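Observations on the model geometry
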Amino acid sequence: MTKTTGITWAAASARRYQRQFLATPARTGTSVADVAAAMLGVHAQVLSAAELSVGLRADGVTRADVREALWPTAPPTTPPPPASLVKTHGPRGTVHLLPARDLPMWCAALPAVPGRTTAFPTDVRLEPGQADQVVAAIADALDGAFLTVDELDEAVVARTGPWAGDLVMPAFQTMWPRWRQVLHRAGQCGALSFGPNRGRRVTYTRPPHFTPLPPEEASRLLVRRYLYAYGPATPQHFARWLAAPPAWARARYAELAAAGEIEEVDFEGTPAWVVAGDTAFPDAAERDEATRGVRLLPYFDAYAVAAQPRELLFPGAAYQRALAGGQAGNFPVLLVDGVVAGVWHQRRRGRRTTVTVEPLGRLTARQERELAGCAERVGAVLEAEAELVIGEVTVGAHA
């Protein structure tokens, strides 16, 4: 490691790889929660993608290990141990897997982010006091219970009033009750998390009880955690990752800079920030070793979403092929020597899965061998036998 104030993309990428368990997978025995913490949350709108994000970073981990961390099991006469991982609404309001130990930070920092103005008409919206009542009702109803959304409908209305159940929200050619507009807020506040499916039906429960940090402390801690994982980064990068107002992000950076908790560096000729004192980056030999080779990352993998500047991670043709209108995550990506160099897709049939990879350039024989190993690891994580096909990916974004 060398200290520098003129940080290159290659140096930043190598350090991010190292801290994200992409340079070297986490050793056997590393907890699933530790991997999720290093990633600063695992996008889990599609649970199988989240399972891959974790499993591809940790030796020997499969989807069963991720689910056991979320919903621990125990013999019938023994209470299950507490969950180490929680599936709930995280950054950007989207579903994430978060370490249970980090909920005091997340559930204080996320509600402190100014939200966008609601698009709902006045007669549909919840008043601030009503929204607080609904969140409290959700927390009470889910404490020690696993409820489907229809069961939660009844529980919330019983604890608040008929107004919460008014069918006023257009959704999927039907109408949802008024209270559901704060479902993601309940998740971000720690009142709600996802339970195991009941058949094909989603259930909700309440995560382990905790005491949130003071909001200002939590917000500043989140900035430092983000910069440790993905820095150097600008306030604009942080705002984009969190879906926060840029002015709010700039204010958080300014507070931390004034307190001496973060420091400015030159990153590819642009002012950016790192945690104070965290200015050691891999030297040339370490950089090559860290990022050399091929990796497969699934939908909305944290690295593909958070590593900035995006045009350097998705160079040339990758910017058009692997992004959807500039948004990362809609395609699983092939990384070659630290940058996106293709897309891929996996289709499962029973115990077999076909992994189709579309490189945007010619792969060497060594890279093809490595790719075969990556496909095999995808199958192992998903507890399936994988077949690699190198060819065109014909499905669209998020298919």
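Residues numbered from 1 in each chain as written. Predicted model: local features only at pLDDT ≥ 70, side-chain atom pairs only at ≥ 80, totals over all residues. Heavy atoms only, no water.

So, the packing of aromatic side chains
Inspection of every chain in the model, using the stated rule, returns 11 aromatic pairs. Between Phe172 and Trp176, the ring centres sit 5.8 Å apart and the planes meet at 50 degrees, which makes this aromatic pair tilted. On the accessibility criterion, Phe172 (74% relative accessible area) is exposed. Ring geometry for Phe238 versus Trp248: centroids 6.4 Å apart, planes at 15 degrees, classification stacked. With a gap of 10 residues between them, Phe238 in helix 10 (residues 235-242) and Trp248 in helix 11 (residues 246-258) connect regions that are remote in the sequence. The same class applies to Phe238 as to Trp248, namely buried. An aromatic cluster is defined as three or more aromatic residues linked by ring pairs; in this entry it consists of Trp106, Tyr226, Tyr230, Phe238, Trp241, Trp248, Tyr253 and Trp273. (Phe/Tyr/Trp six-rings, centres within 6.5 Å; stacked < 30°, edge-to-face > 60°. Buried < 20%, exposed > 50% of the residue type's maximum accessible area, 1.4 Å probe, protein only. Helix = DSSP H or I, 4+ residues; strand = E, 2+ residues; numbered from the N terminus.)

Section: unusual backbone geometry
Cis peptide bonds are those with omega within 30 degrees of zero, and the linkage from Gly231 to Pro232 qualifies with 0 degrees. Along the chain, Pro232 falls in the loop between helix 9 (215-230) and helix 10. Along the chain, Gln308 connects to Pro309 via a cis peptide bond; the corresponding omega equals 0 degrees. Note that Pro309 resides in the loop between helix 13 (302-306) and helix 14 (310-313). One non-glycine residue, Phe21, lies in the positive phi region at around 60 degrees. For Phe21, a relative accessible area of 21% corresponds to the partly exposed category. One non-glycine residue, Glu268, lies in positive phi territory at about 55 degrees.

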